Amino acid sequence: MTDGDANNHSRVVEIPWPFIKRKVECAGSAFLRYYNIKCHGADTQLLTSTSKENSEEVIFEDDVEYLRSLDPKEWKKQDHYAVLGMKDLRYKASEDDIKRAYRQKVLKHHPDKRKAQGEEIRSDDDYFTCITKAYETLGTPNKRKSYDSIDPQFDDSVPTSAEIKKEGFFKAFAKYFEMNARWSEKRNVPLLGDDNSSREYVERFYAFWYEFDSWREFSYLDEEEKERGADREERRWIEKQNKAARAKLKKEEMARIRSLVDLAYANDPRIQRFKQEDKDKKLAAKRARQDAVQAKKAEEERVLKEALLEKQKAEEAEKARLDAARAEREQQKKNLRKERKTLRDLCKANNYYAQNDNETVSHLAAVEKICEMMKVVELQDFMKDLESNGREAFIKTVKDTEDKLEAERKAMFETKKAEDHKAKKNAILKAPIEWTPELTQLLIKAVNLFPAGTNQRWEVVANFLNQHGTFVDERRFNAKEVLNKAKDLQSSDFSKSTLKKAANEEAFDQFEKDKKKVVNNIDDSSISKNDTKLVNGVVKPKINGDVSKDAVKEDKAWTKTEQELLEQAIKTFPVSTPERWEKIADCIPNRTKKDCMKRYKELVELVKAKKQAANVA
């Protein structure tokens, strides 16, 4: 053992009996090998390495017997971590640890070194191939990831019910979640916790594991290698088969994780406690709702009882008021009868203030009328007046009574007459308007002028009829009546009916009458003596052919009604309508197409002038 070995490999070792019971400072790989042979009975060399990144010491095992027992042809089925002497370190080993382990294996087990020591080397079947394959697998990140995914030392099982019962929930499941946490794509994997963990922590834990995203993949178990395919088609087929096998294993892996989480969730005492708490909260809320309903019901019953009590008190008060009013009326009637009897007795005692028998009869009837019309106070005042003025007061009161009765009769007659007149007028207004041929023809024209699709069509048609029709009273058409008449005309065979013929004949007759009226209205002063002729000895005016048209036709101002009809027709028939101005002219009586176009141009010029004036201002 040299000083250099002592400086590089110094460590304190507890040497057991039969060597010596004390701690000694020892150094060098030879001493460690000697120690292992004596203690373990195997020629096993412990190779040590101090990490530069941390102060922890990594020990690489060197089991020569195990290495010699390996079959290079079965390298894929071997434990690569055990081959490199990292059987316990495994997935926790860093890349630097793997490189150092491989370097030490090469320094000791390279065929050239062993051959130099006199060992027989079989070039085609040497275990050093297993060391090389192990380093190729673990030294490449992707290949190491594939191998770690099927680590033979990893336990893929889930805890059994006997194990849960024996070790307890937290102890049994904690180690399984810690083992499976290595597969997570995400860092900071939440662990199981303990019985004192908060509800938020437990819910976050199960939410993470139910959405667990594993990086574990199973390409290492591919039955055939893609590169061994003879051509592209075969390589594609191999890749397809490998992908299907990996997907199946991935699905089984996720099902295993899910079964572990489901089993933990079903046996977690915290979840059971939380469920019980939720159940208790629901029951408490339900009881609170029931109590609130009962309290509300009790309050409603109390309010109802109070309302009934108030109603009963009001009914009793109303009954008392009615009884008092009835008693008062009875008292007034009694007083009225008493006063009437007193008046009759007073008049009888004074012979009804009559001067003869005829007056006696008439005054007797007058006394009864006075008794019927006057009230208690008036009767009392009248009797006082009789006592002071006698016949004169009686005659005056009788006359006033007769005048009052006459006025009441006249008012009653006028009221009845007004009511009869109103009832008669209402009956007339309620009666349907009789459809004359003129109104029917006007309806047909309006239906053609305002086709289907016109906004509020039947209201427009009714307004057209009301404006241009002739009515004998105040009754006018509404949209419903016009629609019903149009349906009747549509349902009947109008072509075979005489109504159309009669309407056309009446319209022609009306046109002839209007034409004659216009001709007769020509100013007689325009007819001179030279324009007369003698016919059978009678002087008659001579009418030139030029006058028949130009003299009759005059430019009339547009009325408000004609202006409204023009605006409605322009809106109804847009620019794209064929023969637009002919249809617009048909909507306006006594106006031609030329008149409508001229009026439209005038309106356009007027609008332009207003806009120009506004711009100038």
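Residues numbered from 1 in each chain as written. Predicted model: local features only at pLDDT ≥ 70, side-chain atom pairs only at ≥ 80, totals over all residues. Heavy atoms only, no water.

Per an unreviewed UniProt entry, the protein chain carries the name DnaJ homolog subfamily C member 2 and comes from Papilio xuthus.

A word on the overall build of the protein chain. A count of helices and strands for the protein chain gives 24 helices and 6 strands. Counting all 617 residues of the protein chain, 28% fall into the buried class. Within the protein chain, residue pairs in contact and separated by at least 24 positions form 58% of the contacts whose partners lie at least 6 positions apart. Here the protein chain has roughly 43,700 Å² of accessible surface; of this, 51% comes from carbon and sulfur atoms. (Helix = DSSP H or I, 4+ residues; strand = E, 2+ residues; numbered from the N terminus. Buried < 20%, exposed > 50% of the residue type's maximum accessible area, 1.4 Å probe, protein only. Contact = heavy atoms within 4.5 Å. Areas by Shrake-Rupley, 256 points an atom, 1.4 Å probe, with all protein chains shown as cover.)

Taking 1.5 Å per residue, 40 residues should reach 58 Å; helix α16 (residues 391–430) reaches 58 Å between its end C-alpha atoms and fits that length. For α16, the complete set of buried residues consists of Ala393, Phe394, Thr397, Val398, Thr401 and Leu405. Considering only its buried residues, α16 is in contact with α13 (269–349), α14 (357–373) and α15 (376–389). (Expected span 1.5 Å × (residues − 1).)

On the surface, Arg329, Lys333, Lys334, Arg337 and Lys338 cluster together to form a positively charged patch. Summarising the element assignment, Lys338 is placed in helix α13. (Patch = residues over 30% accessible without salt bridge, like charges linked within 9 Å, V, L, I, M, F, W, Y side chains within 5 Å. Salt bridge = Lys/Arg side-chain N within 4 Å of Asp/Glu carboxyl O. Lys, Arg positive; Asp, Glu negative; His and termini not counted. Charge placed at Lys NZ, Arg CZ, Asp CG, Glu CD.)

Moving on, we come to unusual backbone geometry. For Asn351, which is not glycine, the phi dihedral falls at a positive 55°. Checked against the element boundaries, Asn351 lands in the loop between α13 and α14. Using a relative accessible area of 43% as the deciding quantity, one classes Asn351 as partly exposed. If you check the backbone angles, Gln456 has positive phi at about 50° while not being a glycine.

With that settled, consider the pattern of salt bridges. Scanning the entire structure with this criterion turns up 29 salt bridges. Measuring nitrogen to oxygen at the nearest pair gives 2.5 Å for the salt bridge that ties Asp278 to Arg199. A residue pair is termed long-range when its members are at least 10 positions apart, and Asp278 in helix α13 and Arg199 in helix α11 (residues 199–210) qualify at 79 residues. The closest approach of N and O atoms between Asp323 and Arg326, which form a salt bridge, is 2.8 Å. Of this pair, Asp323 and Arg326 both sit in helix α13, separated by 3 residues, roughly a single helical turn. Its relative accessible area of 41% is what places Arg326 among the partly exposed residues. The network of salt bridges with common partners includes Asp156, Arg216, Glu253 and Arg256.

Attention shifts here to the packing of aromatic side chains. Tallying each qualifying case throughout the model produces 20 aromatic pairs. A ring pair is formed by Phe205 and Trp209, whose centres lie 6.2 Å apart and whose planes are at 50°; its orientation type is tilted. Here the residue Phe205 and the residue Trp209 both occupy positions in helix α11, the gap between them amounting to 4 residues, near one helical turn. Trp209 shares its class with Phe205; the two are buried. Summarising the aromatic geometry, the rings of Phe208 and Phe212 are spaced 6.2 Å apart at their centres and angled 80° between planes, so their arrangement reads as edge-to-face. When sorted by exposure, Phe208 lands in the same class as Phe212, which is buried. Feature note: the residues Phe169, Phe170, Phe173, Phe177, Phe205, Tyr206, Phe208, Trp209, Tyr210, Phe212 and Tyr265 constitute an aromatic cluster, connected by ring pairs. For the cation-ring pair, Lys133 lies above Trp75, with the distance from its terminal atom to the ring centre recorded as 4.9 Å. (Phe/Tyr/Trp six-rings, centres within 6.5 Å; stacked < 30°, edge-to-face > 60°. Lys NZ or Arg CZ within 6 Å of the ring centre and 35° of its normal.)

Moving on to the state of the cysteines. In total, this model carries 0 disulfides according to the counting rule given. The thiol sulfur of Cys347 is not disulfide-bonded, and the nearest other cysteine sulfur, from Cys371, lies at 7.4 Å. (Disulfide = S-S within 2.5 Å.)

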